[in-house]
Amino acid sequence: NQAWDQPSVVYVLTGDITIPSSTELTIAPGVIVKVQDDRSLLVNGKLTAVGTNSQKIVFTFWGDDTIGGDTNNDGTTTTPNPNDTVLIWGRIRFGDSSDDTSAIEHVIVRYAGNINCCEVSTAAIEIIDASPTIRNSQITLNRVHGISTQSTVPSFPSDPTFVCLDIEENSANGLVNQSPNSPINAENLWWGTVTGPYHPT
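Residues numbered from 1 in each chain as written. Predicted model: local features only at pLDDT ≥ 70, side-chain atom pairs only at ≥ 80, totals over all residues. Heavy atoms only, no water.

A. Expanded view of the overall build of the protein chain. Helix and strand counts for the protein chain come out as zero helices and 18 strands. The C-alpha atoms of the protein chain give a radius of gyration of 16 Å, which matches the 17 Å a tight globule of 201 residues would have. If one aligns the C-alpha atoms of the protein chain with their principal axes, the spans along those axes are about 50 × 45 × 35 Å. The buried share of the protein chain, reckoned over its 201 residues, is 48%. The contacts in the protein chain between residues at least 6 apart in sequence include a share of 69% that link residues at least 24 apart. (Helix = DSSP H or I, 4+ residues; strand = E, 2+ residues; numbered from the N terminus. Rg over C-alpha atoms; globule rule 2.2 N^0.38 Å. Buried < 20%, exposed > 50% of the residue type's maximum accessible area, 1.4 Å probe, protein only. Contact = heavy atoms within 4.5 Å.)

B. Up close: unusual backbone geometry. Residues other than glycine seldom take positive phi values, yet Asp 38 does so here, at roughly 60 degrees. Of note, Asp 38 is situated in the loop between strand S5 (32-35) and strand S6 (41-43). You can call Asp 38 buried: its relative accessible area is 13%. Despite not being glycine, His 106 has its phi angle at roughly 55 degrees, a positive value.

C. Structural detail: the sheet that holds strand S3 (residues 17-19). A sheet is described by the order of its strands in space; here six strands give the open sequence S3-S6-S9-S12-S15-S18, paired in parallel fashion. Single-partner strands in this sheet number two, and they are S3 and strand S18 (175-177). Taking each pair of neighbouring strands and ignoring which way they run, the sheet shows an average axis angle of 15 degrees. In this structure, S6 lies alongside strand S9 (residues 92-94), joined through three bridges in parallel fashion. What sits directly across from Leu 42, in S9, is Arg 93. (Pairing = 2+ DSSP bridges. Axes fitted to C-alpha atoms, helices over the stretch in contact; angles between N-to-C directions.)

D. Here's a closer look at the pattern of salt bridges. Inspection of every chain in the model, using the stated rule, returns five salt bridges. With its nearest N and O atoms 2.6 Å apart, the salt bridge here joins Arg 39 to Asp 38. Residue Arg 39 is classed as partly exposed on the basis of its relative accessible area, which comes to 28%. Residue Arg 93 pairs with Glu 126 through a salt bridge whose shortest N-O separation is 4.0 Å. Taken together, the residues Arg 93 in strand S9 and Glu 126 in strand S12 (residues 123-128) connect sequence positions 33 residues apart. Taking relative accessible area as the criterion, Arg 93 reaches 24% and is therefore assigned partly exposed. Each of Arg 91, Arg 93 and Glu 126 takes part in salt bridges that share partners, so that together they form one network. (Salt bridge = Lys/Arg side-chain N within 4 Å of Asp/Glu carboxyl O.)

E. Here's a closer look at the sheet that holds strand S1 (residues 2-4). Read across the sheet, six strands follow the order S1-S4-S7-S10-S13-S16 without closing on themselves; strand pairing throughout is parallel. Edge positions in the open sheet fall to S1 and strand S16 (161-163), since each of these has one partner strand only. Taking each pair of neighbouring strands and ignoring which way they run, the sheet shows an average axis angle of 10 degrees. In terms of strand pairing, strand S13 (residues 133-135) meets S16 through three bridges, oriented parallel. The residue of S16 that forms the bridge with Thr 133 is Thr 161.

F. Main features of the side chain of Lys 34. With respect to the helices and strands, the residue Lys 34 is situated in strand S5. Among buried charged residues, Lys 34 stands out as having no salt bridge; its nearest opposite-charge side chain is Asp 65, 5.0 Å away. Within the structure, the side chain of Lys 34 is placed 2.8 Å from the side chain of Thr 71, a separation counted as a polar contact. (Lys, Arg positive; Asp, Glu negative; His and termini not counted. Polar contact = N/O pair within 3.5 Å; in protein donor to acceptor, adjacent residues only side chain to side chain.)

G. Structural context of the environment of Phe 61. Its place among the elements puts Phe 61 in strand S8 (residues 57-61). With relative accessibility at 2%, the residue Phe 61 sits in the buried group. Once the C-alpha coordinates of Phe 61 and Glu 126 are considered, the two residues, 65 residues apart in sequence, prove to be 17 Å apart. Beyond its immediate stretch of four places on either side in the chain, Phe 61 contacts Lys 34, Val 35, Gln 36, Asp 37, Thr 78, Pro 80, Val 86, Leu 87, Ile 88, Trp 89, Arg 110 and Tyr 111.

H. Inspection of the side chain of Glu 168 at higher detail. Locating Glu 168 in the fold gives a position in strand S17 (residues 166-168). Excluding residues that lie within four positions of it along the chain, Glu 168 makes contacts with Gln 138, Ile 139, Thr 140, Leu 141, Trp 190, Trp 191 and Gly 192.

What follows is the structure in structure tokens.
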């Protein structure tokens, strides 16, 4: 069990971080997490990342100088770009052993979506046979999808709870359900336009 609870510093992930089963990572309000290219946070236990409206938790690429300063120490040489796989990070992935009481709240997730194995189907937040709660958060400017869900065991489908999310400006889909036989409730979310998730173009 571990807590990232120092909002006065920037947490930098230089490799994949795995939260093992039966353990918890707690991230405090106001914490900034910057992640190097194609690195990910893999949740097999419990993730509690609960910020506040005035102290949001941010997950972003380590070359993002707009928050937390010039973390990678290169001035303006490197800036995040969802269209360039070396200028974004991996994803937050909830696996089948993850704790269904995991929660993301008042969090910003941006400039994610690249892992070496399968860039084309990667989302900033991947939910596979898991049911976390994500609320009052913004998932934006990611390479492929904002969020993807998948249920590989029909008798135990993914059943995440989404409340008051802003899902916009992601390169492909805001939310993609890889298992259409297991419906996902995506009501009352903001999709970046008053027309909702559907637009004729």
